[in-house]
Amino acid sequence: MIGLGSYGYTAPASSKISGYDVPEGVDIRGRFDEEFAKILTKDALQFVVDLQREFRNHIKYAMECRKEAKRQYNEGALPGFDPATRYIREGQWTCAPVPPSVADRRVEITGPVERKMIINALNSGAKVFMADFEDALSPSWENLMRGQVNLKDAVNGTISFTDNARNRVYKLNDHTAKLFVRPRGWHLPEAHILIDGEPATGCLVDFGLYFYHNYATFRKTQGEGFGPFFYLPKMENSREAKIWNSVFERAEKMASIEKGSIRATVLIETLPAVFQMDEILYELRDHSVGLNCGRWDYIFSYVKTFQGHPDRLLPDRVQVGMTQHFMKSYSDLLIRTCHRRGAHAMGGMAAQIPIRDDPTANEAAFDLVRKDKLREVKAGHDGTWAAHPGLIQACMEVFTNTMGNSPNQIETVKRDDASNITEDDLLQRPRGVRTMEGLRLNTRVGIQYLAAWLTGAGSVPLYNLMEDAATAEISRVQNWQWLKYGVELDGDALGVRVNRELFGRVVDEEMARIELEVGKEKFKKGMYKEACKIFTRQCTALMLDDFLTLDAYNHIVIYHPKVQSKL
Ligand SMILES: CC(=O)SCCNC(=O)CCNC(=O)[C@H](O)C(C)(C)COP(=O)(O)OP(=O)(O)OC[C@H]1O[C@@H](n2cnc3c(N)ncnc32)[C@H](O)[C@@H]1OP(=O)(O)O
Ligand SMILES: O=CC(=O)O
Ligand SMILES: [Mg+2]
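Values in this document were obtained by computation on a predicted structure and should not be read as measured data. (Residues numbered from 1 in each chain as written. Chains lettered and ligands numbered in written order. Predicted model: local features only at pLDDT ≥ 70, side-chain atom pairs only at ≥ 80, totals over all residues. Heavy atoms only, no water.)

## Considerations on helix H19 (residues 528-540)
In an α-helix there are 3.6 residues to a turn, and that puts residues three or four apart on one side. Note the following rule: Put simply, DSSP H or I for four residues or longer makes a helix, DSSP E for two residues or longer makes a strand, and each gets a number counted from the N terminus. Helix span, expected: 1.5 Å multiplied by one less than the number of residues in the helix. Note on classification: 1.4 Å probe, protein chains only; a residue is buried when its accessible area is under 20% of the maximum for its type, exposed when over 50%, partly exposed between these limits. Contact criterion: two residues are considered in contact whenever any of their non-hydrogen atoms come within 4.5 Å of each other.
Helix length check: H19 (13 residues) gives 18 Å between terminal C-alpha atoms against 18 Å at 1.5 Å per residue, within 8%. For H19, the set of buried residues is Tyr-528, Ala-531, Cys-532, Ile-534, Phe-535, Gln-538, Cys-539 and Thr-540. Looking at the buried residues of H19, the elements they touch are helix H15 (436-454), helix H16 (469-484), helix H17 (500-518), helix H18 (520-525) and helix H20 (548-553).

This is the structure we're talking about:
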């Protein structure tokens, strides 16, 4: 095995040397596995190749536009509504009607595409399961390919899992949640699949392989003639939604299914995208099934967008909740926009998870989740997210108490009062204090999350909260921001400023604390030191890295030799 190498390689015409039977121009550098070969069939790969060739220049252009927007924000510009698309915002149009099979989405569970979790999630009693190749998954070759195998078995209804240690067999119930799949964001490459000498676009691999193998069965067994269903992450502009729309049309054509069969919910989880919600729905209007408040990435994006604005520093991460004015405005405007266009307005994820060994803390966590869900349903959201099967019933009760038997609130809660939400409302500075404990917690959480991610776990419980790539990003960029601008910490009235020396001390002390908490053995065997190095570099970098996982990805790419040694 070798680590990430140079991409300057041209694949031979139709070749079998990697073990996989690949179309022309494709080189697979990931490990060969008989199970993976059933996913990486020549036809399925050809579909991915066709998508890549047709859309790569559009994707490159969209990523260049992100860079240009960043340059402008860094020079002091603020994101805002685009005057050029006023006609879309003011026009009278609606999205295609909601497919009956997913009219009621009041509680959705999310989780990585891991075998046991897929079964547990589908059996959880939630209306929808969002199977995640994104925030909740560390995108190693093994995780991605096993994820595809697992999803295919899930759609076929044959998925099972045996836990030998607990002598337990997992199978699907008769009634299961409807499946949505979230591919990676546009920015992430798939380094194990080279197409015409370049890494494939991660999300086209996730989408293309899943769609190819599952569309027919899914439409029969789950979608009542519609589907498959998707969640689309981290977009910044409607031009990116337009690419997805074209990808869907291309897929529908390949499958000879009706235009508008594929449906997707777009996460509004970047600050620039909140000013593009109508435009995003408009681009996807034949394929849309709503928008979702991806609150954690949204907070991350607030810091990232304002990386050049020292007057917009975030308070401690725990204080940036949905009741902050800018967050409430975002949720209210999202509901108003979706309902005006006849689409679902989905809520987001409360980070609390059940706490098994402390009933009082557990009750407090459930109270926070209930409060968050009550706020969402009263505001007009049509559904919400839960991170753990243990939370489904509580979330369901809160939504049902308000919504009764209606499948959603699209027609009943229009929120026209939110039509006067302004750019200032959406950008208002969050309030709160910045403390030494905030800096310490960010550091402790960021390093432990990254250590887990490097060993294949993309979502983990830390200090009784769910942590994933989006929440870890907040820890990283907040530390970076505080260091960059040398913020004065509140709390002790000593005027302590965050600088490299202080941060270095915090890192050393928090690493010692992590070692104490996880134990010497686990600490030694784990990837804590590597994680610390990556996290520290990113927090102290002169220029903010766009994504934590882009740099970290280089550490999980494993190329396998093409030909087995004969020695
Ligand atoms: C910002 C965002 O993007 S949010 C969306 C992305 N993030 C996520 O999806 C996070 C989803 N949640 C999780 O990954 C998990 O709940 C974690 C990692 C936070 C905690 O998981 P665990 O430590 O396994 O929790 P715990 O030990 O309490 O699990 C109890 C059981 O519930 C299962 N479980 C926990 N969470 C989930 C889930 N989301 N889906 C399905 N099953 C789950 C466990 O597998 C376990 O099953 P078992 O009893 O059959 O062995
Ligand atoms: O993907 C969801 C988020 O909150 O980020
Ligand atoms: Mg997210």
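Now that the structure is up, let's keep going.
## Describing the layout of surface pockets
Heads up, the rule is: Every definition here rests on a 1 Å grid over the protein atoms only: cavities are sets of points where a 1.4 Å probe fits but cannot get out, pockets are open sets enclosed by protein on both sides within 12 Å along at least five of seven lines, and lining residues have some atom within 4 Å of a point. Grid points are joined across faces, edges and corners, and a volume is the space filled by probe spheres set on the points.
As a volume, the largest pocket reaches approximately 960 Å³. What lines the largest pocket is a set of 42 residues, among which Met-117, Ile-353, Ala-387, His-388 and Pro-461 lie closest to the centre. Only strand E2 (107-112), helix H4 (115-122), strand E3 (128-132), helix H10 (295-305), strand E12 (345-349), strand E14 (460-462) and H16 provide two or more residues apiece to the lining of the largest pocket.

## Quick notes on the sheet that holds strand E8 (residues 198-201)
To keep it simple, the criterion reads: In this scheme, strands are said to pair when DSSP sees at least two bridges between them. Every axis in this analysis is a line fitted to C-alpha atoms, fitted for helices over the stretch in contact. Angles between the N-to-C directions lie between 0 and 180 degrees.
Spatially, the three strands line up as an open sheet ordered E1-E7-E8, and their pairing is antiparallel. The outermost strands of the open sheet, each flanked by one partner alone, are strand E1 (26-28) and E8. Looking at each pair of strands side by side, their axes are set apart by 55° on average, direction ignored. Where strand E7 (residues 189-195) meets E8, four bridges bridge the pair, whose relative direction is antiparallel. What sits directly across from Ile-195, in E8, is Glu-198.

## Observations concerning the site of ligand 2
For the record, the criterion: When at least one non-hydrogen atom of a residue lies within 4 Å of a molecule or strand, that residue is treated as near it. Each polar contact in these results corresponds to two N or O atoms within 3.5 Å; when the atoms are within protein, one needs to be able to donate a hydrogen and the other to accept it, and residues that are neighboring in sequence are counted only if both atoms are side-chain atoms. Calculation of accessible area relied on Shrake-Rupley with a 1.4 Å probe; when residues are assessed, cover is drawn exclusively from the protein chains displayed. To decide whether a molecule occupies a pocket or cavity, check its atoms: if more than half lie within 2 Å of the grid points, it is inside.
With respect to spatial proximity, the complete set of residues near ligand 2 consists of Asp-135, Arg-182, Leu-267, Glu-269, Gly-294, Arg-295, Trp-296, Asp-297, Trp-385 and Ala-470. Between ligand 2 and Trp-296 there is a distance of 2.8 Å, counted from an oxygen atom to a backbone nitrogen or oxygen. One of the backbone nitrogen or oxygen atoms of Asp-297 is found 2.9 Å away from an oxygen atom of ligand 2. The fraction of the free accessible surface of ligand 2 (190 Å²) that becomes covered by protein chains is 97%. Of the pockets mapped on this structure, ligand 2 occupies the largest pocket. Among the elements that take part in the shell around ligand 2, H10 stands out by supplying three residues, more than any other.

## Quick look at the site of ligand 1
Note the cut-off: Note that Gly is not counted as nonpolar here; it falls among the polar residues with everything else outside the nonpolar set of Ala, Val, Leu, Ile, Met, Phe, Trp, Tyr, Cys and Pro and the charged set of Asp, Glu, Lys and Arg.
Neighbouring ligand 1 are 28 residues, the closest being Thr-110, Lys-116, Tyr-170, Arg-356 and Ser-459. Within the contact set of ligand 1, an oxygen atom lies 3.1 Å away from a side-chain nitrogen or oxygen of Asn-120. At 3.0 Å, a side-chain N or O of Asp-468 approaches an oxygen atom of ligand 1. Calculation on ligand 1 without its partners gives an accessible area of 950 Å², and the protein chains cover 85% of this total. Elements supplying a minimum of two residues to the shell around ligand 1: E2, H4, strand E5 (168-171) and E14. For the shell around ligand 1, the class distribution of residues is 15 nonpolar, five polar and eight charged.

## What about empty space enclosed by the protein?
Following the criterion strictly, the structure yields three cavities of 30 Å³ or more and no others. The space that makes up the largest cavity amounts to roughly 130 Å³. What lines the largest cavity is a set of 15 residues, among which Glu-134, Asp-135, Leu-188, Ala-469 and Thr-549 lie closest to the centre. When residues in the lining of the largest cavity are grouped by element, the largest group, three residues, is from H16. Taken together, the residues that form the lining of the largest cavity break down as seven nonpolar, two polar and six charged. Roughly 50 Å³ of internal volume is contained in the second largest cavity. Along the walls of the second largest cavity sit Lys-234, Glu-236, Glu-269, Thr-270, Asp-297, Phe-300, Ser-301, Lys-304 and Phe-547, which together make up its complete lining. Residue composition of the lining of the second largest cavity, grouped by class: two nonpolar, two polar and five charged.

## With respect to the confidence of the model for the chain
Close inspection of predicted coordinates is inappropriate for parts of the model with low pLDDT. For clarity, the threshold we go by: pLDDT runs from 0 to 100 and stands for how confident the predictor is about each residue.
Counting all residues, the mean pLDDT for the chain is 95, and 95% of those residues have values of 70 or more. Confidence drops under pLDDT 50 across residues 1-17; counting only partners more than four residues distant or on other chains, this segment forms 39 contacts. Interface predicted TM-score (ipTM) for the complex: 0.99; the corresponding pTM is 0.96.

## Details of the side chain of Glu-283
Stated precisely, the cut-off is as follows: Positive charge is attributed to Lys and Arg, negative charge to Asp and Glu, and no charge count is given to His or to the chain ends. The term salt bridge refers to a side-chain nitrogen of Lys or Arg lying within 4 Å of a carboxyl oxygen of Asp or Glu.
For Glu-283, the position within the fold is in helix H9 (residues 277-283). One buried charged residue, Glu-283, remains without a salt bridge, the closest side chain of opposite sign being Lys-242 at 4.4 Å. Those residues within four positions of Glu-283 in sequence are excluded, and the remaining contacts are Ser-238, Ala-241, Lys-242 and Asn-245.

## Brief notes about the side chain of Gln-478
With respect to the secondary-structure elements, Gln-478 resides in helix H16. Apart from the residues within four sequence positions on either side, Gln-478 is in contact with Leu-314, Pro-315, Asp-316, Arg-317 and Asn-442.

## Structural notes on the packing of H10 against H16
Short version of the rule: Under this scheme an angle from 65 to 115 degrees is roughly perpendicular, one under 35 degrees roughly parallel, and one over 145 degrees roughly antiparallel; angles in between are oblique. In this scheme, a crossing is called left-handed if the near helix is turned counterclockwise away from the far one by less than a right angle; it is called right-handed if the turn is clockwise.
Put simply, H10 and H16 touch, their axes get as near as 8 Å, and they point 20° apart. Judged by the inter-axis angle, H10 sits roughly parallel to H16. Note on packing geometry: the crossing formed by H10 with H16 is left-handed. Contacts between H10 and H16 involve Trp-296, Asp-297, Ile-299, Phe-300 and Val-303 on the former and, on the latter, Ala-470, Thr-471, Glu-473, Ile-474, Arg-476, Val-477 and Gln-481. Broken down by class, the residue content of the contact of H10 with H16 amounts to seven nonpolar, two polar and three charged.

## Some words on the sheet that holds strand E13 (residues 383-386)
One closed barrel accounts for eight strands, arranged E2-E3-E6-E9-E10-E11-E12-E13; its pairing is parallel. Averaged over all pairs of adjacent strands, the angle between strand axes in this sheet comes to 25°, irrespective of strand direction. Across three bridges, E2 lies against E13 in parallel orientation. Bridging across to E13, Glu-108 finds its partner in Trp-385.

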